[in-house]
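So the chains spell out like this:
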Amino acid sequence: MSSSWVLEAEGISSGYAGLKVVDGVSLRLGRGEVLVVLGPNGSGKSTLLKALFGLLPLMEGRLRLMGRWLEKPEPEGMVRMGVGYVPQVDNVFPSLTVRENLEMGAFGVRDWRRRMKNVIELFPELQKKLDLPALNLSGGERQMLALARALMAQPEVLLLDEPSAGLAPGMVKRVMGRIEEVRKTGVAVLLVEQNVRSALQIADRGFIMAGGRKVFEGTPEEILSHRDMGRIYFGMRG
Amino acid sequence: MADVAQLAANILITGSLYVLMAVGLTMVYRIMRFANFAHAELITLGAYTAYSLNQLGFSIYIALPFAFTASALLAVSLERMVFMPIRDRGGDVISLMIASIGAGMVVRHLLQQVYSARVLTYNIPLVSYELLGARVSQTQLVIVLLGILSILLFHLLLTGTTLGRAMRATSDNPGLARASGIPVHRVMLLTWVLGGGIAGMAGVLRAADTRLVPTLGWEVLLPVFAVVLLGGIGSFYGAVAAAYLLAAAENVGVLVLSSLGISTGYRYAISFVILILVLLFRPHGIAGSRLGGERE
Ligand SMILES: Nc1ncnc2c1ncn2[C@@H]1O[C@H](COP(=O)(O)OP(=O)(O)O)[C@@H](O)[C@H]1O
Ligand SMILES: [Mg+2]
């Protein structure tokens, strides 16, 4: 029955240079599911994503991808096995054109142009900008490109780090709508977000992190009605 | 009129040689993010490789691909034996820079052991041409042709091939390049091969145009760094523009110096002055590449 989970983490801890930032987090992500990770600034959400993608070493715990335990997760291997990652910042190649950015997303794939046509259908606003350097895109367009770039590899799992950060409310909605579309194609999404309500609208489940640990997990309704939500979330801010 | 033609020719010659000597340095800076002082010895090794073949009776033009290979091999060895281990152990750009100065010194002294410190010259036919009122030697003609050819080929590589685009992607954002599944290590190696190889060929041409000594590359390293900085560190097109700009400043400067009765031996002082002015007023160079500075 384990095969229904595309990504499983068991008690993973990770951090920087011996400093443990994420402490014993477990999670499971099913095909076409959106799992939201919430939590105040500095609670270790980005660190968790980096550890899941193999950018940071695991200090404890283990990872399973499509039912296979991973010996030593590292980014090149993760991409090959169908995991896409969109970092919180610096998530496009600024001096490359939109087209070149998309090509790099499917590096080494012969028919990347056909894939690009499919991806552009999901992100039509990029069509007119194909020959512009990514540097010239607006914030919203850049996030769209970052998502599109990750989709070029045809991932099974997408790890998204605050894709709506810094965007105007209208744009946040559009980005969330697009993630919803992506999920409909069967991609599992682990979504780190600060825009709690927008994120919970497209989520199947979610959990809240504080101080590197998972402190609450549930459905969007359960999270919104959780009586400690405000304290965990806002009490620890600033 | 003839003077103007000769001046233009001299600018083209100096500038093309600067292009050939600077591309590798700027590419390596862009992708590996440190100033490689051993670039000087990549230039020098190419020149000595051609000398050995020239002694065996081969033309220096036949020797060019061998010079390319020798310097490319040296560049890759330095990366594998010195720079990569330092990076893997968490060494910063200063450690890498100092290591490159040391590694360059070792190579320079090895070359001096093998070839002595004597001033050497190639056996080359002393042919020269009269072109639009300017007199240029065969070597100088080859310098200009090869300089322009390498600009075109580099442009095609960087924009027209997947590998070239991967090089640009890696220099834009190495972390995202890894996250996209680009084989970053292979891209780095290719950068060393091309950068080192072209420096080796530039060394042959520089030695053919002047003379060959173990400090051949070391002597030109400063103007070459000036080209790289003036172009905006890591910018290929900036470096090309800067190479010809600096060449113009030097050649016009030399005319001015000699008309004032000052020794033209001060020509490199012109690059020093320009280098310092650039650092003061346009620290990002003429191409103003902010890209490199946007992330750590
Ligand atoms: N590169 C880093 N080196 C050292 N510590 C870091 C680094 N990045 C983040 N941290 C620390 O890890 C903790 C969690 O950061 P992060 O995972 O970015 O939180 P979040 O994404 O939830 O805001 C913070 O205390 C932060 O200071
Ligand atoms: Mg974060």
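What you see is a predicted model; the values in this text were computed from it and never measured.

Caption draft 1: Representation of the coordination of the magnesium ion (ligand 2) in the model. Residue and element names in this part refer to chain A. The protein atoms that coordinate the magnesium ion (ligand 2) are S46 (OG) and Q88 (OE1), at distances spanning 2.0 to 2.5 Å. Linking S46 in helix α1 (residues 45-53) with Q88 in the loop between β6 (83-86) and α3 (98-105), this pair joins segments that are 42 residues apart in sequence. Residue classification places Q88 among the partly exposed positions, given a relative accessible area of 30%.

Caption draft 2: Up close: the nonpolar core. All names here are of chain B. Residues Y122, F154 and L212 are the most contacted members of the largest nonpolar core, which totals 101 residues. If you tally residues by element for this core, the top one is helix α1 (residues 2-32), at 15 residues. If we skip the residues at most four places from it in the chain, F154 touches V23, M27, L194, I198 and F236.

Caption draft 3: Layout of empty space enclosed by the protein. Across all of its chains, the model carries 2 cavities of 30 Å³ or more by this definition. Estimated volume of the largest cavity: approximately 50 Å³. In this structure, the largest cavity is lined by A:V79, A:V83, A:G84, A:Y85, A:G105, A:R149, A:A150, A:A153, A:P155, B:A179 and B:S180. Breaking the lining of the largest cavity down by element, the ones donating at least two residues are β6 and α5 (139-151) of chain A. When residues of the lining of the largest cavity are assigned to their parent elements, the largest contribution, 3 residues, is made by β6(A). Across the lining of the largest cavity, the residue classes tally to 7 nonpolar, 3 polar and 1 charged. The calculated volume of the second largest cavity comes to roughly 30 Å³. Forming the boundary of the second largest cavity are B:L25, B:Y29, B:F34, B:A35, B:N36, B:F225 and B:V228. A per-class count over the lining of the second largest cavity returns 6 nonpolar, 1 polar and no charged.

Caption draft 4: Looking closely at the environment of B:L74. Residues and elements named next belong to chain B. Following the sequence through the fold, L74 ends up in helix α3 (residues 60-88). With 24 residues separating them along the chain, L74 and I98 place their C-alpha atoms 18 Å apart. In contact with L74, not counting residues within four places along its chain, are E41, L42, L45 and V107.

Caption draft 5: Spotlight on the packing of helix α6 (residues 162-172) of chain B against helix α8 (residues 184-209) of chain B. Residue and element names in this part refer to chain B. Contact geometry of α6 with α8 gives a least axis separation of 10 Å together with a crossing angle of 100°. By the criterion of interaxial angle, the relationship of α6 to α8 is roughly perpendicular. On α8, the residues that touch L163, A166, M167 and T170 of α6 are V184, V187, L190 and T191. The residue inventory of the contact of α6 with α8, partitioned by class, reads 6 nonpolar, 2 polar and no charged.

Rules behind the numbers
- Counting from 1, residues in each chain are numbered in the order their sequence is written.
- The order in which chains are written sets their letters, starting at A; the order in which ligands are written sets their numbers, starting at 1.
- Under the rules for a predicted model, residues below a pLDDT of 70 receive no local features and side-chain atom pairs below 80 are neither given nor counted, while totals for whole chains, interfaces and linings still include all residues.
- Excluded from the side-chain calculations are hydrogens and water; all other atoms, namely the structure's heavy atoms, are used.
- A 2.8 Å cut-off from the metal defines N, O and S donors, relaxed to 3.2 Å for Na, K and Ca; water is not in the atom list, so some sites may appear incomplete.
- Here a strand is any run of E in DSSP of at least two residues, a helix any run of H or I of at least four, and the numbering for each starts at the N terminus.
- For every residue, the accessible area (1.4 Å probe, protein chains only) is compared with the maximum for its type, and the residue is labelled buried under 20%, exposed over 50%, or partly exposed between those bounds.
- Here, the term nonpolar core denotes a set of buried Ala, Val, Leu, Ile, Met, Phe, Trp, Tyr and Cys residues that are joined through side-chain atoms within 4.5 Å.
- In what follows, residue pairs with any heavy atoms lying within 4.5 Å of each other are defined as contacts.
- Cavities and pockets are defined on a 1 Å grid built over the protein atoms alone: a cavity is a set of grid points where a 1.4 Å probe fits but cannot escape, while a pocket is an open set with protein on both sides within 12 Å along at least five of seven lines, and lining residues are those with an atom within 4 Å of any such point.
- Grid points are joined across faces, edges and corners, and a volume is the space filled by probe spheres set on the points.
- Polarity classes work like this: nonpolar for Ala, Val, Leu, Ile, Met, Phe, Trp, Tyr, Cys and Pro, charged for Asp, Glu, Lys and Arg, and polar for all others, with Gly in that last group.
- Helix axes are fitted only over the stretch in contact, all axes being lines through C-alpha atoms; the angle between N-to-C directions runs from 0 to 180 degrees.
- Note that the term roughly parallel is reserved for angles under 35 degrees, roughly antiparallel for angles over 145, roughly perpendicular for angles of 65 to 115, and oblique for everything else.

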